[in-house]
Amino acid sequence: MDHTSTLTLTVNGTKVSRTVQPRTHLIDFLRDELGLTGSHIGCEHGVCGACTVRVDGTIVRGCLTLAVQCEGKAVDTVEGLSDSGELAQLQQAFHERNALQCGYCTPGMLVAALDLVKSEPDATRERIREHLSGNYCRCTGYQAIVDAIETVLVHRRKEARA
Amino acid sequence: MTARDELPVKGSKTRTQAGYIGKAEPRANAKRLLQGRGSFIDDLRFPRLAQVVFLRSPHAHAKIRKLDFSKARTAPGVIAVVDGRAVAEYCTPWVGVLSHLKGLKSAPQFPIAIDRACWQGEAVAAVVAETRAQAEDACELIVAEYDPLPAVIDMHEALAGRHVIHPDLGDNICFNREVDFGAVEAAFAKADVVVEESYSFGRHTGVCLEGRAILADYNAAEHTLTVHHATQAPHMMQDIFSKHLNIPEANVRVICRDIGGAYGIKVHVYPDEMCTAALSIMLRRPVKFVADRMESFLSDIHAREHKVKVRLAATKAGEILAFDLDDLTAIGPYSVYPRTSGIEGNQVVNLTGGPYKHQNYRAKLNVVFTNKNVTCQYRAVGHPIAVALTEGIVDLAAQKLGMDPAEFRRRNLVPDDAYPYTGAAGMKFELLSHHQCLDKLLALMDYKALRAEQAELRKKGVYRGIGLAAMIEVTNPSPAFYGVGGARISAQDGATLRLEPTGMLTVLSSVTEQGQGTEGIFAQIAATAVGVTMDKVKVITGDTSTTPYGGGTWASRGAGIGGEAVLQAGKALRSNILDIAAAILSVDKATLDVYNNEIIDAASGASRLPLAELGRVAYFRPDTLPMKFQSELMVTRHYTPREYGFTFTNGIQASLVEIHPDTGFVKLLKHWCVEDCGTVINPMLVDEQIRGGVVQGIGGALFEECHYSEDGQLLNASMADYLVPMSGEMPDIVCGHVESPTKSSELGAKGVGEAGTAGAPGAVMNAINDALAPLNARVNSMPFTPERILDALGAANAKG
Ligand code: FES
Ligand code: FES
């Protein structure tokens, strides 16, 4: 248990170095070590998606990833993706459509949605629902979330054509 | 002028800011959550913060023979390891009873079990350490030995009472109630058609994405306790902390910032949370507890474990004559404090048959103790059961009469012009709109076309079903709900409005926010009432030391009760603003109005004075005002519903499903809900409350059940094993509204937060049975898993 190692990685564009226990999960590292509390913990067993963050451009579950696995990698969380503006369109659409209630699932939803918006510009409602199937939301019933993401996709498709 | 004429909140003929009521305004407070900048309890950082974890009983019922903490106490980072006796020195026990639920009984409950554990998951020891990981490591070092006791798991066993869980209580019956209105026997005797069916409802739970969470911070120097708490009812908790921890009420402050879902789960007193507060006092430092997922399944209240037999009597012509009900429900080993676990069953008795005009009704209810986790009020409390069994038996009667289910309902729903009306169960309805809702629903879904399509598809071997569920719903509860039974739970709420020097408006409300949009609609009401634009309004909730006293958020009461208080405070503030304006401008108050952040001339609409200027004068240059004039730019008003015990709402839902007879899978194709919640303050938020509620109801109908083994082990305490609705399986939900404002308040708003959950399970059940009807199969045990549907199909086949 006392065994620790030094971890160096880039989080939201900033290089950080910390001493961590090998058993520390990425989500705990982000929240407890770095104070990045935007990503949440819902189940700690990979089912709910509340802890979804991006590692080297790919979305992962922060509760199933060990911090030490991220050595040398680039981690992006909702805080960084908000500040960089990458999430701005989705955030606006979520806000206007009330695609969140308590907001606890929202950071994970947004990071998962961003992944879809970037990788599948032609995604249908069905595909949106499928893609979000690993992200639990108890409040909304999902429809508003699907609507908001669809709005962004439609908007981007229009932009792309123009 | 009457109050209503002075400030019509809708359809204003004056220039008063009427614009925000009824508008789909996005919620300002959602922005921080969208950027991950909310502050949930586990996000808070405190100096000297310690974390507590609990050792929980692995047995459903056992004597605690031995607890050896010696190894745990010396583990790294450990601050304290305590048992029930140690914590009881700091926190008195409680008993969850209410005097108006006559005869309801329960046993004293302690923060940590003393000598005996009564369900698997009850805390038997607590470990406090510098970090959670350290506390968890140390928890594993506790040596605990138990002598298992006979566990009462089955509710019939509990009723039979071979083993009595709390010997002092004499039996396992927490509460029973029998009602008999009209002439039930005679009605059944003369009926042309009698149908009878039994329904069972799986025990399920709320699965808030954020686990229960509390951070208690005791200041020994001041003898004050500040509790950051994920609770729906901060003033109730202030009272309870004060009473059981022996700290003067004014020294207890409960703060609720962001809360990751609640739905009734976070409105109860939990032993581990009381323990956390006690530990903060004992250790004189801040202590935090956040339930992990397994603890949530084991210790968040469960709900809805009912077995119900229901009978319905009708005439050939399709008139319902009577309902007869026998409900048995099991609540775990304790009635939950302070709301009790008798309410759910009581609601089933009060609500069954509620939409219909029969006048004969009999019901019997038994609420029994078992050695499973406790149950208590969870979103829609009793409604999903009452609606499903009412609507299930109504459909069965329609089937037996060969009548279309929509038509059968039309003949029996209480007419829209019959109000005020008292139902067979004695509930008083001010104004409902069952027929308007039914008509609207049938049009919205194009019922006829769907029936035609269903018939066509059946010929092709596609089994679709359409299910309807009419409902009534308890909202805006008066003190009759809890207060009269002795619970120190406020039925009243308050709002304070303050005009700031720059013309901004601060609103403080005793209602809390868990994402419903309370703060958003209060901003809409306040802006409307005072005459400012929404961007000028800031709403603050969830702090006992700053907001007015009130009940908080539960039982669909926030908009109707808290909203009315905001409206009344807003009107009073507007009047005060006009007094100041009249003084500044030396004109008659009656010639002025407030509109768009300005004082205007009421007749011409000409701008006279910006509110920012009025604020500047009132706060910084009162010397320029007439000698005896004192401005009052802060106003508080309260509101308590009094005329009716509850402001009932009504609505109707429909579900369209497709069944795959080979696999037993149910595909939800679409869902509709038409609801009458009176004045709709924000249609978008209302619809999203309904949609979220519907999906929660669907969860109970199709997926969710806490499975217990015969010896009381919860078998599926993880999100991998306990299925919840995910986006892929959920249908789109179409919402419609009828608006019959309540006259008991000026705002006219009734509650809506639980409507979706109330009606969805019944609608889905009826749709499934409608799809199964040509196969001669029927299901009546929720959740309707593929296995249960296949079983029903198998039984139908066996019968040939
Ligand atoms: S907390 Fe990681 S998936 Fe639930
Ligand atoms: S908004 Fe509450 S869990 Fe999704």
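Chemist: Help me understand the sheet that holds strand β24 (residues 592-595) of chain B in this model?
Modeler: The strands making up a sheet associate through backbone hydrogen bonding, with each pair oriented either parallel or antiparallel. Residue and element names in this part refer to chain B. Read from one edge to the other, the open sheet built from three strands follows the order β24-β25-β26, with strand pairing classed as antiparallel. Only two strands of the sheet have a single partner each, and these edge strands are β24 and β26 (607-610). Neighbour-to-neighbour, the strand axes of this sheet turn through a mean angle of 30°, independent of strand direction. Both strand β25 (residues 598-601) and β26 contribute to a ladder of three bridges, which runs antiparallel. Paired with Glu598 across the bridge in β26 is Pro610. Relative to the sheet, helix α17 (residues 558-585) contacts β24, β25 and β26, its axis offset from that of β24 by approximately 125°.

Chemist: Could you clarify how one ought to interpret the domain arrangement of chain A in this entry?
Modeler: Accessible area lost during the coming together of the parts is what is often quoted as the interface size. All names here are of chain A. Looking at chain A, the domain boundaries give domain 1 (5-82) and domain 2 (87-161). Each of domain 1 and domain 2 was reduced to a C-alpha centroid, and the two centroids are 22 Å apart. Taken together, the contact pairs 15 residues of domain 1 with 15 residues of domain 2. Taken together, the two surfaces of domain 1 and domain 2 that pack against each other cover about 1200 Å², and 57% of this comes from carbon and sulfur. It is His40, Ile59 and Leu81 that lose the most area in domain 1 upon contact with domain 2, and together they represent 35% of the buried surface on that side. For the pair domain 1 and domain 2, the number of links is zero salt bridges. Here domain 1 and domain 2 share eight residue pairs in polar contact (both at pLDDT 80 or more) between them.

Chemist: Could you clarify how one ought to interpret the packing of aromatic side chains in this entry?
Modeler: Geometrically, a pair of aromatic rings is defined through the distance of the ring centres and the angle of the planes. Residues and elements named next belong to chain B. Overall, the coordinates contain 12 aromatic pairs over all chains when judged by the stated rule. On the numbers, 5.1 Å between centres and 85° between planes, the contact of Phe54 with Phe289 is edge-to-face. Here the residue Phe54 occupies a position in strand β1 (residues 50-56), and Phe289 occupies one in strand β13 (residues 287-290), the gap between them amounting to 235 residues. Overall, the relative accessible area of 7% leaves Phe54 in the buried class. With centroids separated by 6.0 Å and ring planes inclined at 80°, the aromatic side chains of Phe646 and Phe648 adopt a geometry described as edge-to-face. We note that Phe646, like Phe648, is buried. The cationic tip of Arg311 hangs over the ring face of Phe188; the distance from NZ or CZ to the ring centre is 3.9 Å. The ring of Tyr482 has Arg339 lying over it, and the distance from NZ or CZ to the ring centre is 4.9 Å.

Chemist: How should I be thinking about the side chain of Thr37(A) in this particular structure?
Modeler: Along the chain, Thr37(A) turns up in the loop between α1 (26-33) and β3 (52-55). By relative accessible area, which is 11% here, Thr37(A) ends up buried. Each residue touching Thr37(A), except ones within four places of it in the same chain, is listed here: Arg31(A), Glu79(A), Gly36(B), Asp43(B) and Arg45(B).

Chemist: For this particular structure, what's the right way to read the environment of Ile41(B)?
Modeler: Residue and element names in this part refer to chain B. Within the fold, Ile41 resides in the loop between α2 (30-34) and β1. Judged by its relative accessible area of 4%, Ile41 is buried. Sequence-wise, Ile41 and Ile259 are 218 residues apart; in three dimensions their C-alpha atoms are separated by 7.8 Å. Filtering out sequence-adjacent residues up to four positions away, Ile41 remains in contact with Glu210, Ala213, Ile214, Leu215, His228, His229, Ala230, Asp258 and Lys288.

Chemist: How should I be thinking about the sheet that holds strand β17 (residues 360-368) of chain B in this particular structure?
Modeler: Residues and elements named next belong to chain B. Strand order in the open sheet formed by six strands is β7-β17-β16-β15-β8-β31, and the pairing between neighbours is mixed. With partners counted over all chains shown, the strands left at the sheet margins are β7 (173-181) and β31 (781-782), one partner each. As paired elements, strand β8 (residues 193-201) and β31 share two bridges and run parallel to each other. The residue of β31 that forms the bridge with Phe201 is Met782. Docked against the sheet, helix α11 (residues 343-351) engages β7, β15 (306-314), β16 (320-330) and β17, running at close to 170° with respect to β17.

Chemist: Would you explain helix α4 (residues 106-119) of chain A in this entry?
Modeler: Here α4(A) spans 20 Å end to end across 14 residues, near enough to the 20 Å set by a 1.5 Å rise per residue. For α4(A), the tally of buried residues reaches 11 of 14 residues, placing the bulk of the element in the interior.

Chemist: What is the right way to look at helix α8 (residues 234-245) of chain B in this model?
Modeler: One turn of an α-helix holds 3.6 residues; hence residues three or four places apart share an orientation. Residue and element names in this part refer to chain B. If you check α8, its first and last C-alpha atoms are 16 Å apart, about what 12 residues at 1.5 Å a residue would give, namely 16 Å. Burial analysis of α8 places 11 of its 12 residues in the buried class, the great majority of the element. Looking only at α8, the buried set comprises Pro234, His235, Met236, Met237, Gln238, Asp239, Ile240, Phe241, Ser242, His244 and Leu245. Contacts made by the buried residues of α8 are with β10 (213-219), β11 (224-229), β12 (252-255) and α9 (271-283). A positive phi of about 60° marks Asn246, the residue just after α8.

Rules used throughout
Residues numbered from 1 in each chain as written. Chains lettered and ligands numbered in written order. Predicted model: local features only at pLDDT ≥ 70, side-chain atom pairs only at ≥ 80, totals over all residues. Heavy atoms only, no water. Pairing = 2+ DSSP bridges. Helix = DSSP H or I, 4+ residues; strand = E, 2+ residues; numbered from the N terminus. Axes fitted to C-alpha atoms, helices over the stretch in contact; angles between N-to-C directions. Contact = heavy atoms within 4.5 Å. Domains from an automatic or database assignment. Buried area = accessible area lost by both parts, 1.4 Å probe. Salt bridge = Lys/Arg side-chain N within 4 Å of Asp/Glu carboxyl O. Polar contact = N/O pair within 3.5 Å; in protein donor to acceptor, adjacent residues only side chain to side chain. Phe/Tyr/Trp six-rings, centres within 6.5 Å; stacked < 30°, edge-to-face > 60°. Buried < 20%, exposed > 50% of the residue type's maximum accessible area, 1.4 Å probe, protein only. Lys NZ or Arg CZ within 6 Å of the ring centre and 35° of its normal. Expected span 1.5 Å × (residues − 1).

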